[in-house]
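Here is what each chain is made of, one letter per residue.
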Amino acid sequence: MKKKKNLYILVAFMALFCVVLTACGKKDADNSVQKIKDKKTLVVGTSADYAPFEFPVVQNGQKKITGYDMLLANKIADQLGVKLKIVNTEFPSLVSELKNNKVDIVMAGMVSTKERKKAVAFSKSYFNVQNQVLVRKGEGNKFQDAATDFKNKAVGVQQTTTQEKIAKEQMKGSNVVSEGKVTSLTTELRTNKLDAVVLENTVAATYVKKFPEQYEIAKAKLNTPKDIQNINVATRKSDKKLTAEINKVINKEEKNGGLKQMLQKAQQLQLESN
Ligand code: ARG
């Protein structure tokens, strides 16, 4: 009698165990792609202060966000057969927006730092960057050496970016000013509130090309370590299938010259915008 009772208890436990196991199994299943297809929308988080990667333009009286990242995001949405929705926030909050499921992916000229890799995953890289110092027109020669020539100068950087780290480490004795938006930094440089702004080369070049009377690149060189040169799409660590789909698009656009074309198109749109 007692034996039978024990058996019942054992069977009951085993049944419970199976239920728990399948429940856990379900939770772990990666439905990242299916979820986006179901809602027919891919939500990309960005910080549209970063031409040519992402910036606002006015088309037919309407403000729209475009740029290299956004053109590529459109290709990813096409691959998934859904439409693209752009959520624009300040750069420092993008990683947590992604972690908290507010967006599906982040594309914001974001490099895959060791720190960020602890929190999120990254696609294959679709662009490489170096860092430079943007200064006012005519002052490029004043700054020859990053380690000595920015002493007591106000150097603007975007908060939580690799530029913040580089300025603190390489521009000795400077007064590093961290702010939320790159567009505020470049305005403050123009109006003499800052003496320099650390930017990635492609972004700095965009300012010099569009406003040649206002800005130039300082002679002083910065060192950009290898692990902060690669720009990628950020995804959630659990979303392996989505990351694989994104990598497919990047591979394809790399092979067929699409990446280059998208960058050129973005640069053109930036020059034409006001
Ligand atoms: N590449 C730098 C980083 O990942 C800066 C990116 C800034 N992006 C932007 N959209 N404002 O830290």
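Predicted model only: the values in this text are computed from it and were never measured.

Any details on empty space enclosed by the protein? Residues and values, ideally.
If you walk through the whole model with that rule in mind, you get two cavities of 30 Å³ or more. Computed from the structure, the largest cavity encloses a volume of approximately 100 Å³. Around the largest cavity, the lining is made up of 15 residues, and of these Tyr50, Phe91, Ala108, Gly109 and Thr161 lie nearest the centre. Considered class by class, the residues forming the lining of the largest cavity number five nonpolar, six polar and four charged.

Explain the packing of aromatic side chains to me, using residue names and the numbers behind them.
Scanning all chains against the criterion turns up nine aromatic pairs. Where Phe53 meets Tyr68, the ring centres are 6.1 Å apart and the plane angle is 50°; that geometry is what we call tilted. Within this pair, whereas Phe53 is found in the loop between β1 (41-46) and β2 (55-59), its partner Tyr68 is found in helix α3 (residues 68-80), the two being separated by 15 residues in sequence. Both residues of the pair, Phe53 and Tyr68, belong to the buried class. Each ring, one from Phe53 and one from Phe127, has its centre 5.6 Å from the other, and the planes form 75°; the classification is edge-to-face. Here Phe53 is found in the loop between β1 and β2, whereas its partner Phe127 is found in strand β7 (residues 127-128), with 74 residues between them in sequence. Neither Phe53 nor Phe127 differs from the other in exposure class; each is buried. An aromatic cluster is defined as three or more aromatic residues linked by ring pairs; in this entry it consists of Tyr50, Phe53, Tyr68, Tyr126 and Phe127.

How would you summarise the nonpolar core if you had to cite specific residues and measurements?
Ranked by internal contacts, the top residues of the largest apolar core, which has 62 residues, are Leu42, Tyr68, Leu72, Ile76, Met107, Tyr126 and Met171. Ranked by residue count, the leading element in this core is α3, at eight residues. Those residues within four positions of Leu42 in sequence are excluded, and the remaining contacts are Ile36, Ala73, Ile76, Ala77, Leu80, Val82, Lys83, Leu84, Lys85, Asp104 and Ile105. With twelve residues, the next largest nonpolar core counts Leu94, Val106, Ala108 and Met110 among its residues.

Give me the site of the ligand: which residues, what numbers.
Taken together, 15 residues form the shell around the ligand, and within it Asp49, Ala108, Gly109, Arg116 and Glu200 come nearest. Arg116 places a polar side-chain atom, nitrogen or oxygen, 2.8 Å from an oxygen atom of the ligand. The fraction of the free accessible surface of the ligand (350 Å²) that becomes covered by protein chains is 100%. At a threshold of 2 Å from the grid points, most atoms of the ligand map onto the largest cavity. Residues belonging to the shell around the ligand are distributed by class as follows: five nonpolar, six polar and four charged.

Would you mind going over the sheet that holds strand β9 (residues 154-158) in detail, with residue names and values included?
Sheet strands line up and pair through hydrogen bonds in the backbone, either parallel or antiparallel. The mixed open sheet is built from five strands, whose spatial order is β10-β9-β11-β8-β12. Of all the strands in the sheet, just β10 (175-179) and β12 (215-217) have a single pairing partner and so form its edges. Across this sheet, the average inter-strand angle for adjacent strands is 35°, counted without regard to direction. In the sheet, strand β8 (residues 131-136) pairs with β12 via three bridges, with the strands oriented antiparallel. Its bridge partner lying in β12, Arg136 is registered against Tyr215.

I'd love a proper account of unusual backbone geometry, names of residues and values included.
Following Ala51, the chain continues into Pro52 via a peptide bond in cis, with omega recorded as 5°. Turning to its location among the elements, Pro52 is positioned in the loop between β1 and β2. Backbone geometry places Asn192, a non-glycine residue, at a positive phi of 70°. By secondary structure assignment, the location of Asn192 is in the loop between α7 (182-190) and β11 (196-200). Judged by relative accessible area, Asn192 falls into the exposed class, the value being 53%.

The rules behind each value
- Residues numbered from 1 in each chain as written.
- Predicted model: local features only at pLDDT ≥ 70, side-chain atom pairs only at ≥ 80, totals over all residues.
- Heavy atoms only, no water.
- 1 Å grid on protein atoms, 1.4 Å probe; cavity = no way out; pocket = protein on both sides within 12 Å on 5 of 7 lines; lining within 4 Å.
- Points joined across faces, edges and corners; volume = space filled by probe spheres on them.
- Nonpolar A, V, L, I, M, F, W, Y, C, P; charged D, E, K, R; others polar.
- Phe/Tyr/Trp six-rings, centres within 6.5 Å; stacked < 30°, edge-to-face > 60°.
- Helix = DSSP H or I, 4+ residues; strand = E, 2+ residues; numbered from the N terminus.
- Buried < 20%, exposed > 50% of the residue type's maximum accessible area, 1.4 Å probe, protein only.
- Core = buried A, V, L, I, M, F, W, Y, C linked by side-chain atoms within 4.5 Å.
- Contact = heavy atoms within 4.5 Å.
- Near = heavy atom within 4 Å.
- Polar contact = N/O pair within 3.5 Å; in protein donor to acceptor, adjacent residues only side chain to side chain.
- Areas by Shrake-Rupley, 256 points an atom, 1.4 Å probe, with all protein chains shown as cover.
- Sits in = over half its atoms within 2 Å of the grid points.
- Pairing = 2+ DSSP bridges.
- Axes fitted to C-alpha atoms, helices over the stretch in contact; angles between N-to-C directions.

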